[in-house]
Every structure is written in C-alpha cells, then in structure tokens.
Amino acid sequence: MCINYNMATIKQKSDIAKFSKSKKYIEMDWKEIRVISSEYPGQSGMTIFSYIDIKNPARKLSYYISKRGKSIGGFSLDNVNRTPNKEEPSNGAHSIALVGGSSLGLEALAGINRGILEDNLYWYNKILTEKERQEKGKIPLHEIVLGVCCYTSNLSIDQSYVYPDFEMGKMIVRKTLRDAHKEANPIQKIYLGQSGVGLNSTVSKIDTVGGDNSWYDNIVIAGVGARFIQYGTIKVLVFINLNSVGLIHDDEQLLHPFPGGSNNLNGSNSGGDIKQHSKRLNEFRKWAEGINPPMKSNTTLSVVITNMQLPHNLKQKIADDLHDEVESMIYPYGTSMDGDTFILASTWDKPFKSGTLEKLAKPLIRESIKSVFQTNDTKEKNTKKKNTKKK
C-alpha cells in the first residue's frame, strides 16, 4: 500500500519566520548577553541566549544543567558541568537555545551552528591580521550550543506540524551576532507570554485523564516569564517557559483557574487554594507519574544567567537549590511525560560571594513564573538595587 503524504501539513511554504514581539516585555541592560526570540506566527518558535564578548570572542559561558523530567529532548546535554579556564577558555557554551516544536525543533540548532561557523570564519579571515591569526591558532569548526526542546500545542497530525527549523536558527543567530558586532543598544527587550519558545506553551493538562482526546479543550495558556536584576555589579537574568502537565501555584494559591472539562477528575473551574483540590490532585499525581500518562509530552524550561563567578564544585548545589524554587510552584513537577530542564550559566566576570546568587535569583524565579499570568499589556517592572552594604 502506498501512502501519499501531503508535506504541506508538515511545513507550509508560506510560513515566514519573524522576530518575536509582544505587548509584555522586560528590559535588560547587559550587552554581552544577547537574547532574541523568533517564531512562525501562530505556530511555534524559539529563544536564544548568546554570550558574545567582541573584545575576547574565545570566552564562553560556564554552565550546569539540572534535569528532572523523564522525557528530556535536547542537544549537547550529556556533559552537564563545564567551566572555562585559562588553559581551556572555550570549554563552555557559546549559546543556549530553547525551542518549541518538540524534538523536530532541534533542527534549528544546525542553523545556529552554521551561522556561528560563518561568523567565526569571517572574524578569523577578515578581521584578524596575519600575526593575530598565528597567535590565535585554529578556530573551532563549531561551538557548544546547548539546545532543549518542548512540546507545543500547535503540533497535531491533523492540524499542522510547523516547528523551528534550520532557516530560523540561522536567521536568529545572524541577528544576534550582527547586533553584538555593531555594539547595538545594550538595553534589550525580552518578550513575555506567547512569544518565542513560549508560543503555544500551555499548562494544566489535567483534562486528558480518561483519554478521550479533550486535551485541547481546557488547557491553560502559559508561556514565557522573565526578570532581570542588577545588584551593585552583580547581574542576574531569570527566564522561564512554563509548559508543564502540572498546575501553577504560589504558596498553594493557584495562579490560574482550575481547568474544567469532562475528564478533569470531576473538577470545577474554581481556582483558589490548591488544597481544596487535594483529592483530585492526588489522583492526578498518580496518573501523571505513570498510571495512564498523557499522550502529549510537556516541558518547563528555565535559564538563570549571572556575571558572578560560580566555583565548579558548587554549581550543582546552587543549580539544584534554584531548581527547587521552580519545582515548588508546579504541581506535579517532572512527571513521566515532562522534560523539565534547568540551565545555570555564568559569564565568570565578578568574584563569587556565597549565598548571593540564591538570595537574588529565588524571588526572581517566583516573580518570573507569576508574570506569565499577569494580564497588563505593559513593560514589566525590573529590579535594580544599589548595594548599600558598608565596605
């Protein structure tokens, strides 16, 4: 039997990737970290974080990856702890890419690597003098680009299968590199909600219990939340894309209505205190952890970047501590069909101070998650604190 597949349902030729914009955004003043989002409108998208020091292009991000979901899809995630040093300044990540479109969206990573390679070749052959080229030695044919994917609700065999691809990845990294080389305005807009990787991200897929394909009927729209702070010379960016099976709450107070639907364990669309749904949530937790799991996979992706040095032997402890803060607001978290991933990264510029990052980042994590469900269409308030501690 010969099956004739209509490839237009996989990728429409009319789809043109666009750089993301939304009415909700935060501003970040950090020229070395470039954050750009792109998307196929109405379908799925991606967000990239690149560390580009034009004075020393060899510098890379130190990072640690904390993985708690059981269905993680990604690229270059095997080595979870890398720290550049004087002997190996490139032993870190050039970029972090969060992509929608499930594992197919990882195709965009090839485009990112191609764009970085072209930039490296241009920089090496056109910018450096012969003496500088001899001193620099060989450039890498590719850079470490961390890629993590999440399932987005536009993917359906009977609707569309549009996902971030090679062309989108190449387009987004070209703009990233161009802005860095032109020393564009260091104040950047980071768009929230349904933008970039957050496009078609949803939470609370509780109504799938029973398996009658009502998954699309009562999901809660979610997406990107973010916050940035500068405390003295220390900078911290928190970026979270909510796309979980579980509910989102703040100290057991739901941040969205409890989803309705015939398969919602006979639940009501009441919201409020999570404890009033304890019986249904216990049943839901057992289901989400492997008893009749949902067909769709979902992922909460979190990135925390700082300019403070992070000792190699302490990164796991710090990352786990901050990952706990994300987990504390999602119930249940890291289910059998989630791919929850947390990336802690550092530009390694400022001296390490024990406890400082946790103190700054934990409230930013909570504010980032809450910002996803805030409805005001304005610039979200950032925090800039002066370090008033006496020397």
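Our subject is the structure listed above.
If you're wondering where the values come from, they're calculated on a predicted model, not measured in any experiment.

1. With respect to the pattern of salt bridges
Part 1: One pass over the structure, following the stated rule, counts 15 salt bridges.
Part 2: Notably, a salt bridge pairs Arg59 with Asp349, separated by 2.6 Å at the nearest N-O pair. Of this pair, Arg59 sits in the loop between strand 4 (44-51) and strand 5 (62-67) while Asp349 sits in strand 19 (residues 341-350), placing them 290 residues apart in sequence.
Part 3: Between Arg366 and Glu325 there is a salt bridge, with the nearest N and O atoms lying 3.0 Å from each other. With Arg366 in helix 6 (residues 356-371) and Glu325 in helix 5 (residues 315-327), the pair connects residues that are 41 residues apart, well separated along the chain.

2. Things to note about unusual backbone geometry
Part 1: Positive phi is not limited to glycine here, since Ser102 has a value of about 60°.
Part 2: Along the chain, the position of Ser102 falls in the loop between strand 8 (95-99) and helix 1 (107-127).
Part 3: With a phi angle near 50°, Asp251 is a residue other than glycine that sits in the positive phi range.
Part 4: Judged by its relative accessible area of 60%, Asp251 falls in the exposed class.

3. Observations concerning the environment of Leu310
Part 1: With respect to the helices, strands and loops of the structure, Leu310 is situated in the loop between strand 17 (301-308) and helix 5.
Part 2: Spatially, the C-alpha atom of Leu310 lies 8.5 Å from that of Pro351, the residues being 41 residues apart in sequence.
Part 3: The contacts of Leu310, once residues within four sequence positions are left out, are Lys315, Ile318, Leu344, Ser346, Trp348, Phe352 and Leu357.

4. Brief notes about helix 3 (residues 166-181)
Part 1: Taking 1.5 Å per residue as the helical rise, helix 3 with its 16 residues ought to reach 22 Å, and the 23 Å between its terminal C-alpha atoms agrees with that figure.
Part 2: Of the residues making up helix 3, those classed as buried are Met168, Gly169, Lys170, Ile172, Val173, Thr176, Leu177, Asp179 and Ala180.

5. Describing the sheet that holds strand 1 (residues 18-19)
Part 1: Judged by pairing direction, the sheet is mixed, and its 6 strands sit side by side in the order 1-3-4-8-9-6 without closing on themselves. The sheet terminates laterally at strand 1 and strand 6 (74-75), the two strands that pair on one side only.
Part 2: Of the pairings in the sheet, the one linking strand 3 (residues 33-40) to strand 4 comprises 8 bridges and is antiparallel in character. What sits directly across from Ile36, in strand 4, is Ile48.
Part 3: In the packing of helix 3 onto the sheet, contacts are made with strand 1, strand 3 and strand 4, and the angle to strand 3 comes to roughly 150°.

6. Comments concerning the sheet that holds strand 16 (residues 253-254)
What holds strands together in a sheet is hydrogen bonding between their backbones, with the strands either parallel or antiparallel.
Part 1: Across the sheet, 3 strands lie side by side as 16-15-18; this open sheet has antiparallel pairing. Of all the strands in the sheet, just strand 16 and strand 18 (330-331) have a single pairing partner and so form its edges.
Part 2: Relative to strand 18, strand 15 (residues 247-250) runs antiparallel, the two being bridged by 2 bridges. Its bridge partner lying in strand 18, Leu247 is registered against Tyr331.

Basis of the calculations
Residues numbered from 1 in each chain as written. Predicted model: local features only at pLDDT ≥ 70, side-chain atom pairs only at ≥ 80, totals over all residues. Heavy atoms only, no water. Salt bridge = Lys/Arg side-chain N within 4 Å of Asp/Glu carboxyl O. Helix = DSSP H or I, 4+ residues; strand = E, 2+ residues; numbered from the N terminus. Buried < 20%, exposed > 50% of the residue type's maximum accessible area, 1.4 Å probe, protein only. Contact = heavy atoms within 4.5 Å. Expected span 1.5 Å × (residues − 1). Pairing = 2+ DSSP bridges. Axes fitted to C-alpha atoms, helices over the stretch in contact; angles between N-to-C directions.

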